Amino acid sequence: MNNSKHIQTILNGSMHSLKSILPSSISFQSPSILSEPYIQKEMGVLIGLLGDIKGRVIIDSTSDVFSAIGAQMFGMPLEGEMLESFTGEFGNMFAGNLCTHVGTEALNIDITPPTVMVGNTKLFGFEKAFRLPTTIENVGILTILFTIDE
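The rules behind each value
- Residues numbered from 1 in each chain as written.
- Predicted model: local features only at pLDDT ≥ 70, side-chain atom pairs only at ≥ 80, totals over all residues.
- Heavy atoms only, no water.
- Helix = DSSP H or I, 4+ residues; strand = E, 2+ residues; numbered from the N terminus.
- Rg over C-alpha atoms; globule rule 2.2 N^0.38 Å.
- Buried < 20%, exposed > 50% of the residue type's maximum accessible area, 1.4 Å probe, protein only.
- Contact = heavy atoms within 4.5 Å.
- Axes fitted to C-alpha atoms, helices over the stretch in contact; angles between N-to-C directions.
- Parallel < 35°, antiparallel > 145°, perpendicular 65-115°, else oblique.
- Left-handed = near helix turned anticlockwise from the far one by under 90°.
- Nonpolar A, V, L, I, M, F, W, Y, C, P; charged D, E, K, R; others polar.
- Salt bridge = Lys/Arg side-chain N within 4 Å of Asp/Glu carboxyl O.
- Phe/Tyr/Trp six-rings, centres within 6.5 Å; stacked < 30°, edge-to-face > 60°.
- Lys, Arg positive; Asp, Glu negative; His and termini not counted.
- Polar contact = N/O pair within 3.5 Å; in protein donor to acceptor, adjacent residues only side chain to side chain.

(A) View of the overall build of the protein chain. In terms of helices and strands, the protein chain carries three helices and 10 strands. Order of helices (α) and strands (β) in the protein chain, N terminus to C terminus: α-β-β-β-β-β-α-α-β-β-β-β-β. The C-alpha atoms of the protein chain give 14 Å as radius of gyration, which agrees with the globular expectation for 150 residues (15 Å, within 12%). Its C-alpha atoms give the protein chain principal-axis dimensions of roughly 45 × 30 × 25 Å. Considering the protein chain as a whole, with its 150 residues, one finds that 44% of them fall into the buried category. When contacts within the protein chain are restricted to residue pairs at least 6 apart in sequence, those whose partners lie at least 24 apart make up 69%.

Structural data, given as structure tokens:
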């Protein structure tokens, strides 16, 4: 499988993963290519991808959006350390579902433990990235970013 096929599989798997873990209507905008740096403004989670493709997935949004996702999933809004912990766990759920889904498409990837990023963060060190803007009904906007190392 070539890199462009891998990327398409990962983008499709991301849409599938979000739809399977979130109890909301989700709409996706067209993916776009991004060059460094990427600036995260408030809160996100970074998970490394290893295997047939190497890179990182970053789920970026605001604390209000992550809290609203927690409220939809668990019936109560989250804040403080609970919100930070949930954001890492949300990244794990997303990436675990992604691994399972792309595995059915003959793409083998594994993930690293999540790194939660809080505050303004500028990300460097990637050749190119693919940005998938996502709108979750009654919650807000989430950006999924895939950086590719090669």
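(B) Representation of the packing of helix 1 (residues 3-21) against helix 3 (residues 80-103) within the structure. At their nearest, the axes of helix 1 and helix 3 sit 8 Å apart, and the two run at 125 degrees to each other. Relative to helix 3, helix 1 is oriented oblique. As for the relative orientation of helix 1 and helix 3, their crossing is right-handed in sense. On helix 3, the residues that touch T9, I10, G13, S14, H16, S17, L18, S20 and I21 of helix 1 are F90, M93, F94, N97, L98, H101 and V102. In terms of residue class, the contact of helix 1 with helix 3 is made up of eight nonpolar, eight polar and no charged.

(C) The pattern of salt bridges, seen in detail. Overall, the coordinates contain one salt bridge when judged by the stated rule. Among the salt bridges present, the one from R56 reaches D149, with a minimum N-O distance of 3.2 Å. Pair noted here: R56 is in strand 5 (residues 55-61) and D149 is in the segment after strand 10 (140-148), with a separation of 93 residues, a long-range link.

(D) Looking closely at unusual backbone geometry. One non-glycine residue with positive phi stands out, namely A106, at about 65 degrees. Judged by its relative accessible area of 56%, A106 is exposed.

(E) Region of interest: the packing of aromatic side chains. This model, assessed by the stated rule, comprises three aromatic pairs. Ring centres of F66 and F90 lie 6.2 Å apart, and the angle between their planes is 70 degrees; on these two criteria the pair is classed as edge-to-face. A residue pair is termed long-range when its members are at least 10 positions apart, and F66 in helix 2 (residues 63-74) and F90 in helix 3 qualify at 24 residues. We classify F66 as buried; its relative accessible area is 0%. Note on F74 and F86: the rings are 5.7 Å apart at their centroids and 90 degrees apart in plane angle, and the pair reads as edge-to-face. Of this pair, F74 sits in helix 2 while F86 sits in helix 3, and the two are 12 residues apart along the sequence.

(F) Highlighting the side chain of D60. Mapped onto the elements, D60 comes out in strand 5. Of the side chains with opposite charge, K41 lies nearest to the buried D60, which makes no salt bridge, at 7.0 Å. Within the structure, the side chain of D60 is placed 2.5 Å from the side chain of Y38, a separation counted as a polar contact. Apart from residues no more than four positions distant in its own chain, D60 is found in contact with Y38, I39, Q40, K41, M43, G44, L142 and T143.

(G) Structural context of the side chain of T147. Along the chain, T147 turns up in strand 10. With near-sequence residues (within four places) excluded, T147 lies in contact with K54, G55, R56, I58, F126, K128 and A129.

(H) Just the environment of G70, in detail. Note on placement: G70 falls in helix 2. C-alpha of G70 to C-alpha of I58: the two residues are 12 residues apart in sequence and 18 Å apart in space. Beyond its immediate chain neighbours, meaning those up to four positions away, G70 contacts G75, M76, L78 and F86.

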